[in-house]
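These are the residues of each chain, in order.
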Amino acid sequence: MNPGANNNSQNPNARTIEVLDQMCKYYDQMQDQWRTLAYRKGIATLRKQDTKISTKEEALALPFIGSRLAEKIEEIVLTNRLRKLDNTRDDPLDQVLRLFLGVYGAGLSQANKWIQAGYRSLEDLVTKARLTESQKIGIQHYDDFAARIPRAEVEQHGNFVRGTLNRIDKGFQVTVMGSYRRGAKDSGDIDLIITKSATSLAVMRNIVFEQLVPMLFSLNFFKVALATSHRTNDGTKWHGASCLPGSKVWRRLDLLLVPEEEMGAALLYFTGNDIFNRSMRLLASKKGMRLNQRGLYRDVVRGRNREKLNEGTLVEGRDEKKIFEILGVPWRKPTERIC
Ligand code: DCP
Ligand code: MG
Ligand code: MN
């Protein structure tokens, strides 16, 4: 939309945005995806205003701001704070929940189970709870994984993987994706796409999982592989932690293997952000197509509950710009895909 408009202090709604941002971060930590999304959209709208929004009515007249959010905007302007935010911050059980949700791989149901079992600290978890290997690592490196990764370091991790892989096979390309490709000054993790032209996924898999990954472990760069809570791995992903030579800080790193034919769709998906992805997928579906991280498809047959009955025909997967074109969306540079 308009990333240039968010020069904070000059924005007449700077204070409102600041408080809403904190509320949004809170919902994000609580893994409340709907409220997080609603807040992010509302905040994006506020950033674009050049007048101060002071009343519920003014707020309601803007796109992506519903009555609840509008009330909160009015409350912030009138009182300079948000009771809801203060209350959640003061609630000790709430704090424990957020602490537990910060453990890598722990979802809402796991965190709630720990609370119900009476655990109140990370030490309780270590000494009393039965933990998976990933959860143990998530606790040992809690602060590491919670820290933002400076852009220059994200790049160094990318270079390390690329350098090692190219020693095995010069034909591979390694691209840093995610928030880094959007130009972020720091990132939550390191997202890498690995591809090689005119090469099947089976061959790439073999080289990456049988040679690259073991080599990165033996170089002491990879520290541990981590299981993900989401869907089963189809053999194209690796999730784990890496650490630069001379550093003690472990970073979260994700690898995604992509065949050339799917690079465009994968670039689009893995660049995000997630809200931009949602809007592109929604647009595709409005045009009778379907967009996922492998390609843009048409003639997808859906049943009565909009469930997919077939995969449809591939329209485009290779070229990111063509996917925009076919969807009728003017090209947006990665740095402009911040919603
Ligand atoms: N993605 C998505 N929907 C999700 C998760 C991810 O569309 N539920 C896509 C868009 C993201 C990309 O994958 O930009 C990478 O996911 P990350 O979780 O690593 O998110 P970012 O890299 O954007 O941000 P961060 O700096 O927090 O890692
Ligand atoms: Mg990322
Ligand atoms: Mn990631």
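None of these values were measured; they are calculated from a predicted model. (Residues numbered from 1 in each chain as written. Chains lettered and ligands numbered in written order. Predicted model: local features only at pLDDT ≥ 70, side-chain atom pairs only at ≥ 80, totals over all residues.)

*Asks:* Summarise the pairing of strand E4 (residues 190–196); cite the residues concerned and give the values.
*Replies:* Most of E4 is tucked away, with seven of its seven residues classed as buried. Judged by which residues are buried, E4 turns out to be covered on both faces: Ile190, Leu192, Ile194 and Lys196 on one side and Asp191, Ile193 and Thr195 on the other are all buried. Here strand E2 (residues 172–176) runs beside E4; their pairing, made up of five bridges, is antiparallel. Along E4, the bridge assignment pairs Thr175 with Ile193. (Buried ≥ 20, exposed ≤ 12 C-beta atoms within 10 Å, placed from the backbone. Helix = DSSP H or I, 4+ residues; strand = E, 2+ residues; numbered from the N terminus. Pairing = 2+ DSSP bridges.)

*Asks:* Outline the environment of Ile326, listing residues and values.
*Replies:* Here Ile326 lies in helix H16 (residues 320–327). By the C-beta count within 10 Å, which is 17 here, Ile326 ends up partly exposed. For the pair formed by Ile326 and Arg68, sequence separation is 258 residues and the distance between their alpha carbons is 37 Å. Beyond its immediate sequence surroundings of up to four residues, Ile326 is in contact with Leu296, Val315 and Glu316. (Contact = placed C-beta atoms within 7 Å.)

*Asks:* I'd like to hear about the environment of Leu46, residue by residue, with values.
*Replies:* The topology assignment puts Leu46 in helix H2 (residues 33–47). A count of 24 C-beta atoms within 10 Å places Leu46 in the buried class. For the pair Leu46 and Ile73, spaced 27 residues apart in sequence, the C-alpha separation works out to 9.8 Å. Beyond its immediate chain neighbours, meaning those up to four positions away, Leu46 contacts Asn13, Thr16, Ile17 and Ile53.

*Asks:* Which residues make up the sheet that holds E2, and what values do they have?
*Replies:* As summarised here, the arrangement of the five strands in space is E2-E4-E7-E6-E5, forming an open sheet in which the pairing is mixed. Looking at strand neighbours, the two that pair on one side only are E2 and strand E5 (222–225), the edges of this open sheet. Along the sheet, successive strands turn relative to each other by an average axial angle of 30 degrees, direction set aside. Taken together, the three bridges between E5 and strand E6 (residues 237–242) define a ladder with antiparallel strand orientation. If you follow Ala225 over to E6, its bridge partner there is Gly240. Along the sheet face, helix H11 (residues 151–168) touches E2, E4, E6 and strand E7 (251–257) and points at about 170 degrees away from the line of E2. Along the sheet face, helix H13 (residues 201–218) touches E4, E5, E6 and E7 and points at about 155 degrees away from the line of E7. (Axes fitted to C-alpha atoms, helices over the stretch in contact; angles between N-to-C directions.)

*Asks:* Can you lay out the nonpolar core for me, pointing to particular residues and giving the numbers?
*Replies:* Phe100, Leu192, Ile193, Ala266 and Leu296 are the most contacted members of the largest nonpolar core, which has 52 residues in total. By residue number, the principal contributor to this core is helix H14 (residues 263–271), which donates six residues. The contacts of Ile193, once residues within four sequence positions are left out, are Thr175, Met177, Leu256, Val258, Ala266 and Phe270. With 15 residues, the next largest nonpolar core counts Ile17, Met23, Ile43 and Ile76 among its residues. (Core = buried A, V, L, I, M, F, W, Y, C linked by C-beta atoms within 7 Å.)

None of this, on its own, says anything about what the molecule does.
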